[in-house]
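One-letter residues, chain by chain:
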Amino acid sequence: MGELNDALNEFQETSKKYYNRIMKILGEKYCWKCPMRTNRKVALCQEVEAWIRLTETLEAGVREELDQHTFTNEQLEAISTKFLEKQLSPTHQKETNIIIKLEEDEPPFACSGDFLEVKTHPLKVKKDSLVVMPLACPLATFWYNKTMKSSTVPYKIFKVYQVFQKNGCRYLKTQEGFQVPVEYLLGTVENILCNDLSMRNLD
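Within every chain, residues take consecutive numbers counted from 1 along the sequence as written. Only residues with pLDDT of at least 70 are given local features in this predicted model, and only at 80 or more are side-chain atom pairs given and counted; all residues enter the totals for whole chains, interfaces and linings. Side-chain measures here rest on the full set of heavy atoms in the structure, leaving out hydrogens and waters.

1. Quick word on the nonpolar core
So, step 1. Side-chain atoms within 4.5 Å are what join buried Ala, Val, Leu, Ile, Met, Phe, Trp, Tyr and Cys residues into a set we call a nonpolar core. Only protein chains enter the accessibility calculation, which uses a 1.4 Å probe; a residue is then buried when its area is under 20% of its type maximum, exposed when over 50%, and partly exposed in between. Ranked by internal contacts, the top residues of the largest apolar core, which has 13 residues, are Ala110, Leu116, Leu130, Val132, Tyr155, Ile157 and Ile192.
So, step 2. Put simply, DSSP marks the helices as runs of H or I at least four residues long and the strands as runs of E at least two long, and each gets a number from the N terminus on. Every element with two or more residues in this core is listed here: β2 (115-120), β3 (130-134), β4 (155-166) and β7 (187-193).
So, step 3. In this structure, Val131, Met133, Leu172 and Val180 belong to the second largest nonpolar core, which totals 11 residues.

Set out below in structure tokens:
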């Protein structure tokens, strides 16, 4: 493992240099025009932006390298799913309930202005559960942070028709017949609080 550790340590040092370089570029070319510049030291948005950009670029490079090989789409999906399984394993993430406000109607389940109580990283997904799914594969580690820059989360609500195993990964099928790895989910809908403050029945 010595050679591997040496390579990773070298990459870590390179990452630090590029992080500082990106911070400098943001500060000199972009952040001075931003209305947030006056409280940047409180918001820490420049540090977060540099982290997101660097991480997204790393994962884009890995994906481009994978695309150079003769993997099928199914194999690429299995690779990304197993990557997410590792990232979102119980040692890295735990089930957490978050509240999300809907910006648009999600018929027939919820309406604009409703609040969703979502359990992220669910250990179990069952038939007839409502799930929240992003509109793009969340392969990038900071995909969720990126969407928060526009104060919206690009997702849709689906009802689970079936849960099954494929290529050693957990999959679900929606009522529309759409198949997706469970690890691609944002989470399961636990409750829906209507904008008139009543609780909608999920059954």
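Next, the rest of the story.
2. Considerations on the side chain of Ser129
So, step 1. You can see Ser129 is positioned in the loop between β2 and β3.
So, step 2. Nitrogen and oxygen atoms within 3.5 Å of one another constitute a polar contact, given that in protein one can donate a hydrogen and the other can accept it, and given that sequence-neighbouring residues count only through two side-chain atoms. Of the polar contacts made by the side chain of Ser129, one reaches the backbone oxygen of Lys126; its length is 3.0 Å.

3. Overview of the environment of Val131
So, step 1. Within the fold, Val131 resides in strand β3.
So, step 2. Of the residues examined, Val131 reaches a relative accessible area of 0% and is grouped as buried.
So, step 3. Pairs of residues are marked as contacts when any of their non-hydrogen atoms sit within 4.5 Å. Not counting residues within four places of it along the chain, the set of residues in contact with Val131 comprises Val125, Lys156, Ile157, Phe158, Val160, Leu172, Leu185, Gly187 and Thr188.

4. Section: the pattern of salt bridges
Working definition: two side chains of opposite charge can pair if their charged atoms are close together.
So, step 1. Any carboxyl oxygen of Asp or Glu within 4 Å of a side-chain nitrogen of Lys or Arg constitutes a salt bridge here. All told, the structure shown has 7 salt bridges when counted by the stated rule.
So, step 2. Here Glu49 and Arg53 are joined by a salt bridge, their closest N and O atoms 2.6 Å apart. Of this pair, Glu49 and Arg53 are both found in helix α3 (residues 45-67), 4 residues apart, which corresponds to roughly one turn of the helix.
So, step 3. The partner of Lys156 in a salt bridge is Glu106, and the shortest N-O contact between them spans 3.5 Å. In this pair, Lys156 sits in strand β4 while Glu106 sits in the loop between β1 (96-101) and β2, placing the two residues 50 residues apart along the sequence.

5. With respect to α3
So, step 1. A rise of 1.5 Å per residue sets the reference length of α3, with its 23 residues, at 33 Å; its end C-alpha atoms lie 32 Å apart and thus fit the reference within 8%.
So, step 2. Buried within α3 are the following residues: Gln46, Glu49, Ala50, Ile52, Thr55, Glu56 and Glu59. To estimate how far a helix should extend, the number of its residues minus one is multiplied by 1.5 Å.

6. Let's talk about helix α1 (residues 2-30)
So, step 1. The end-to-end C-alpha distance of α1 is 41 Å, a good match for the 42 Å that 29 residues give at a rise of 1.5 Å each.
So, step 2. Every buried residue of α1 is accounted for by Ile22, Met23 and Leu26.
So, step 3. Against the buried residues of α1 lie α3.

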